[in-house]
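Coordinate analysis (summary)
Each chain is listed here by its residues.
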Amino acid sequence: MYNEELKHALEEIRASLEQGDVQTALANSAALEEKLTHSVDFQKVVDSLIDGVYITDRNAITQYVNPSYCKHTGIQPEEILGRSVTEVANEGKLFNKSVSADVIELGRNVTGTGVVKNHKGKAVPAYVTGVPIFDENGQVSHVAVSVFDTDSLIYRVTEFRNTVHIEKAVQI
């Protein structure tokens, strides 16, 4: 369920209660509970991805990193949450240039290869894609960055070739 839908549903419940219509408020509340129960928990989905995910707000302040990002880099979320990507980049511990800042500046997807540093300071080649998330006014509200460790891709392809016969592979 999206934020706007949730706001609207809560407004309907509030309006019903203000009018003293408890039955309608209860019915709307039950309908909202049903939607929430059957909605997708996107954080669980993103937390389950193999790719690292780094999300910032429109001011390039780090809002979220998923467990895969932390695993690839060795950083703990509390070390970067609430911090500007420019500040993090200037430290040079994780990356030297921020895709998020480029996405905010350009207002479009930015993709490229680069280097992300792991917890030991080792440079890990990565394929990075930043995607703008727009608000209702068409302004960038957030940026979602996907970080894919290219070394792991090479490992996965090699592993696939060594363990699966092409004839038996699942057709995609």
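Quick summary incoming for the structure in this document. For every chain, the first residue of the written sequence is number 1, and numbering continues from 1 along that sequence. Residues qualify for local features only when their pLDDT is at least 70, as the model is predicted, and side-chain atom pairs are given and counted only at 80 or more; totals for whole chains, interfaces and linings, by contrast, use all residues. Heavy atoms from the whole structure form the basis of all side-chain values; hydrogens and water molecules are not counted.

1. Brief notes about the overall build of the chain
In plain terms, the rule: Each helix corresponds to a stretch of at least 4 residues labelled H or I by DSSP, and each strand to a stretch of at least 2 residues labelled E; elements are numbered beginning at the N terminus. In this setup the radius of gyration rests on C-alpha atoms only. A globule is expected at 2.2 Å times the number of residues raised to 0.38. Any residue under 20% of the maximum accessible area for its type is buried, any over 50% is exposed, and the rest in between are partly exposed; the area is computed with a 1.4 Å probe on protein chains only. Note on contacts: a residue pair is in contact if any heavy atoms of the two residues lie within 4.5 Å. The Shrake-Rupley method, run with a 1.4 Å probe sphere, supplies the accessible areas, and residue values consider only the shown protein chains as cover. As used throughout, the charge tally considers Lys and Arg to be positive and Asp and Glu to be negative, leaving His and the chain termini uncounted. Charge positions are represented by NZ for Lys, CZ for Arg, CG for Asp and CD for Glu.
Each helix and strand in the chain was counted, giving seven helices and five strands. Put simply, the chain runs from its N terminus to its C terminus through helices and strands in the order α-α-α-β-β-α-α-α-β-β-β-α. Radius of gyration (C-alpha) of the chain: 21 Å, far over the 16 Å computed for a compact globule of 172 residues. When its C-alpha atoms are laid out on the principal axes, the chain stretches across 65 × 50 × 30 Å. Within the chain, the proportion of its 172 residues that are buried is 31%. Within the chain, contacts between residues at least 6 apart in sequence are counted, and of these 36% link residues at least 24 apart. Surface summary for the chain: the accessible area is close to 11500 Å², and the carbon and sulfur share equals 55%. Of the charged side chains in the chain, 16 are positive and 24 negative; the average position of the first set lies 10 Å away from that of the second.

2. Description of unusual backbone geometry
Phi is positive for Ala60, which is not a glycine, with a value near 65 degrees. Within the secondary structure layout, Ala60 lies in the loop between strand E1 (52–57) and strand E2 (62–65).

3. Notes on the nonpolar core
For clarity, the cut-off: To form a nonpolar core, buried Ala, Val, Leu, Ile, Met, Phe, Trp, Tyr and Cys residues must be joined to one another through side-chain atoms within 4.5 Å.
Core analysis: the biggest nonpolar cluster contains 22 residues, and Tyr54, Tyr69, Ile80, Leu94, Phe95, Val145 and Val147 have the highest contact counts within it. Looking at this core, the elements that each hand over two or more residues are helix H4 (67–73), helix H5 (85–91), helix H6 (99–106), strand E3 (110–117), strand E4 (123–134) and strand E5 (140–149). A per-element tally of this core places E5 first, with four residues. Residues within four places of Phe95 in sequence aside, it is in contact with Tyr54, Tyr69, Val85, Val88, Ala89 and Val115.

Worth remembering: the numbers are spatial, not functional.
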